[in-house]
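Each chain, written out:
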Amino acid sequence: TTEPGGGSRRAIFYVAGKEAFLLLHCANYHDVQGGPIYPFEFGTVAAVERRTLYEVVITAFFIGALLIMGLYHAGLYALGRRNTGAIFVCLLCLGAGFRELFGINTLFYILFPGVSWATAMKLLFVICCSCVVLLMLFLKNLFRPLVPRW
């Protein structure tokens, strides 16, 4: 049996000679896009770990920036300016930050290791579709005079 999975995997091995033969078996019974999503990275253990840490830090920075922007717009909405555009931007920033958890190193599986791949993909699809709806609502709110009433 197979179980669908996500996240990055690291295999450390040492090559005795000058060449190594790698064979990757991937079963694709659960998703249209099977196999590795990103190219393999080869190098010394220190170099690969440094690159991974760099990508995690950059991803965490973007998630933090989106979270701060979302909380800022939530504060604008809560502190008296009852503009619905602010709450749409807040939810859009939070949704984009959640989407960023599924980036190159999939921080989602680091933060929530017990969540199955199927549940994570369902959450991801709901968040992405919600962000599209939120963007449309924000644009409708922003260009209210130009958008006809339905």
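Predicted model only: the values in this text are computed from it and were never measured.

> Describe the overall build of the chain, listing the residues and the values that go with them.
Tallying secondary structure elements over the chain gives four helices and zero strands in all. For the chain, whose C-alpha radius of gyration is 21 Å, the value lies well above the compact-globule estimate of 15 Å for 150 residues. Projected onto its principal axes, the C-alpha positions of the chain cover 70 × 35 × 30 Å. Taking all 150 residues of the chain together, 21% fall into the buried category. Relative to all contacts within the chain whose residues are 6 or more apart in sequence, the contacts with residues 24 or more apart total 60%. Accessible surface for the chain amounts to roughly 11700 Å². Of this, 67% is attributable to carbon and sulfur atoms.

> Tell me about the nonpolar core, residues and numbers included.
Ile63, Phe98, Leu101, Phe102, Leu107, Phe108, Tyr109, Trp117, Ala120, Met121 and Leu124 form the largest nonpolar core, which has 11 residues in total. When contributions to this core are tallied by element, the ones reaching two or more residues are α3 (107-111) and α4 (117-142). No other element matches α4, which puts four residues into this core. When sequence neighbours within four positions are dropped, the list of residues in contact with Ile63 reads Gly97, Glu100, Leu101 and Leu107.

> Quick one: what's the story with helix α2 (residues 84-100), residue by residue and with numbers?
Between its terminal C-alpha atoms α2 stretches 24 Å, which fits the 24 Å expected from 17 residues at 1.5 Å a residue. Among the residues making up α2, those that are buried are Gly85, Ala86, Phe88, Val89, Cys90, Cys93, Gly95, Gly97 and Phe98. Those residues of α2 that are buried lie in contact with α1 (45-78), α3 and α4. With a side-chain oxygen lying 3.1 Å from the backbone nitrogen of Gly85, the N-terminal cap of α2 falls on Asn83.

> Please provide a residue-by-residue account of a nonpolar patch on the surface, values included.
Together, Phe13, Val15, Leu22, Leu24, Phe40 and Phe42 make up a nonpolar patch on the protein surface, roughly 640 Å² of accessible area in all. Inspection of the secondary structure puts Val15 in the segment before α1. What makes Val15 partly exposed here is its relative accessible area of 40%.

> How would you explain the environment of Thr106 if you had to name every residue and give the values?
Within the secondary structure, Thr106 sits in the loop between α2 and α3. A relative accessible area of 12% places Thr106 in the buried class. The sequence separation of Thr106 and Val56 amounts to 50 residues, and the corresponding C-alpha distance is 8.8 Å.

> Quick one: what's the story with the state of the cysteines, residue by residue and with numbers?
On inspection of all chains with the given rule, the structure shows zero disulfides. In this model Cys128 remains outside any disulfide bridge; the closest cysteine sulfur is found in Cys131, 6.5 Å from its own. Relative accessible area serves as the criterion here: at 30%, Cys128 is assigned to the partly exposed category.

> Which residues make up the packing of aromatic side chains, and what values do they have?
A full pass over the atoms with the stated rule returns eight aromatic pairs. Each ring, one from Phe40 and one from Phe42, has its centre 6.4 Å from the other, and the planes form 50°; the classification is tilted. On the basis of relative accessible area, Phe40 is assigned to the exposed category, the value being 54%. Consider the rings of Phe98 and Phe102, whose centres lie 5.8 Å apart with planes at 70°: the pair is edge-to-face. Judged by relative accessible area, Phe102 falls into the buried class, the value being 9%. An aromatic cluster is defined as three or more aromatic residues linked by ring pairs; in this entry it consists of Phe98, Phe102, Phe108, Tyr109 and Phe112.

Criteria and cut-off values
Residues numbered from 1 in each chain as written. Predicted model: local features only at pLDDT ≥ 70, side-chain atom pairs only at ≥ 80, totals over all residues. Heavy atoms only, no water. Helix = DSSP H or I, 4+ residues; strand = E, 2+ residues; numbered from the N terminus. Rg over C-alpha atoms; globule rule 2.2 N^0.38 Å. Buried < 20%, exposed > 50% of the residue type's maximum accessible area, 1.4 Å probe, protein only. Contact = heavy atoms within 4.5 Å. Areas by Shrake-Rupley, 256 points an atom, 1.4 Å probe, with all protein chains shown as cover. Core = buried A, V, L, I, M, F, W, Y, C linked by side-chain atoms within 4.5 Å. Expected span 1.5 Å × (residues − 1). Polar contact = N/O pair within 3.5 Å; in protein donor to acceptor, adjacent residues only side chain to side chain. Patch = residues over 30% accessible without salt bridge, like charges linked within 9 Å, V, L, I, M, F, W, Y side chains within 5 Å. Salt bridge = Lys/Arg side-chain N within 4 Å of Asp/Glu carboxyl O. Disulfide = S-S within 2.5 Å. Phe/Tyr/Trp six-rings, centres within 6.5 Å; stacked < 30°, edge-to-face > 60°.

So far we have only geometry, and geometry alone does not tell us how the molecule works.
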